[in-house]
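# An overview of the molecular structure
Listed below are the residues making up each chain.
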Amino acid sequence: MADHGTGQITALDLGAPDTRWSFDVGGAARLYATGSGEAVQSDDDRVAFLRSGIALESHGDHADIEISDPARIDGELTGPRPFHVVTHRGTSAINFDRGGYALFLTEGEILAGDFEGGRFEQGRAHHGVSVPHQGVLVSSAASDVETEGDALPGRAGLQLFDADGSPASDMQTCTAKPSRAA
């Protein structure tokens, strides 16, 4: 459970609901599940990582489960407004909206507390998202519309980028409204 008011995340044992673990993460807590079951909290210009206590080890035709107490992973990321956290095929992408970049971390890096990762610079800071997919990066592109005050530009569309950050496609916009079935 994530408590926005206190900045705490609480895990409970469903078999023994009185058994609970609480973690202070400072800011308003939001949880995102990653590929190996670890959860991520992001707000207050930082991201903290937790082990869920459930780990699966795949053996092809079956998986072994290992259950342990939930725990906070040592260290945390800091940066300007980390927001969207997307995990795809063992890599988590954290978009830093006010920084104009995304950071990519593998599950192994997260579990080891190694938060250096790979950094992808976006063209302009915006409320965006980036995801590695099949050898390219899929990233939102910022609108050119000027904003006022503290507002961030919205997304104008999506674009593919090579691993070195060079464009691999033109920006694609999604402006058509879906039709309603009769």
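Note that the structure is predicted; figures quoted are calculated from it, not measured. (Residues numbered from 1 in each chain as written. Predicted model: local features only at pLDDT ≥ 70, side-chain atom pairs only at ≥ 80, totals over all residues. Heavy atoms only, no water.)

## Some details on a nonpolar patch on the surface
A cluster of nonpolar side chains, namely Ile54, Leu56, Ile65 and Ile67, defines an oily patch on the protein surface of about 430 Å² accessible area. Among the secondary structure elements, those contributing two or more residues to the nonpolar patch are strand S7 (54-58) and strand S8 (63-67). When its relative accessible area of 64% is taken as the criterion, isoleucine 67 is described as exposed. (Patch = residues over 30% accessible without salt bridge, like charges linked within 9 Å, V, L, I, M, F, W, Y side chains within 5 Å. Areas by Shrake-Rupley, 256 points an atom, 1.4 Å probe, with all protein chains shown as cover. Salt bridge = Lys/Arg side-chain N within 4 Å of Asp/Glu carboxyl O. Helix = DSSP H or I, 4+ residues; strand = E, 2+ residues; numbered from the N terminus. Buried < 20%, exposed > 50% of the residue type's maximum accessible area, 1.4 Å probe, protein only.)

## Examining the pattern of salt bridges
Taken as a whole and judged by the stated rule, the model has five salt bridges. With a closest N to O distance of 3.4 Å, aspartate 150 and arginine 98 form a salt bridge. Of the two residues, aspartate 150 is situated in the loop between strand S15 (136-142) and strand S16 (155-161) and arginine 98 in the loop between strand S11 (91-96) and strand S12 (101-106); the sequence distance between them amounts to 52 residues. With a shortest N-O distance of 2.6 Å, glutamate 121 and arginine 119 are connected by a salt bridge.

## Some remarks on the pairing of strand S2 (residues 8-13)
Where strand S1 (residues 2-3) lies against S2, two bridges are found, and the strand directions are antiparallel. Note on S2: the bridge partner recorded for aspartate 3 is glutamine 8. Between S2 and strand S3 (residues 16-24), which pair antiparallel and follow one another directly, the connecting turn spans two residues. (Pairing = 2+ DSSP bridges.)

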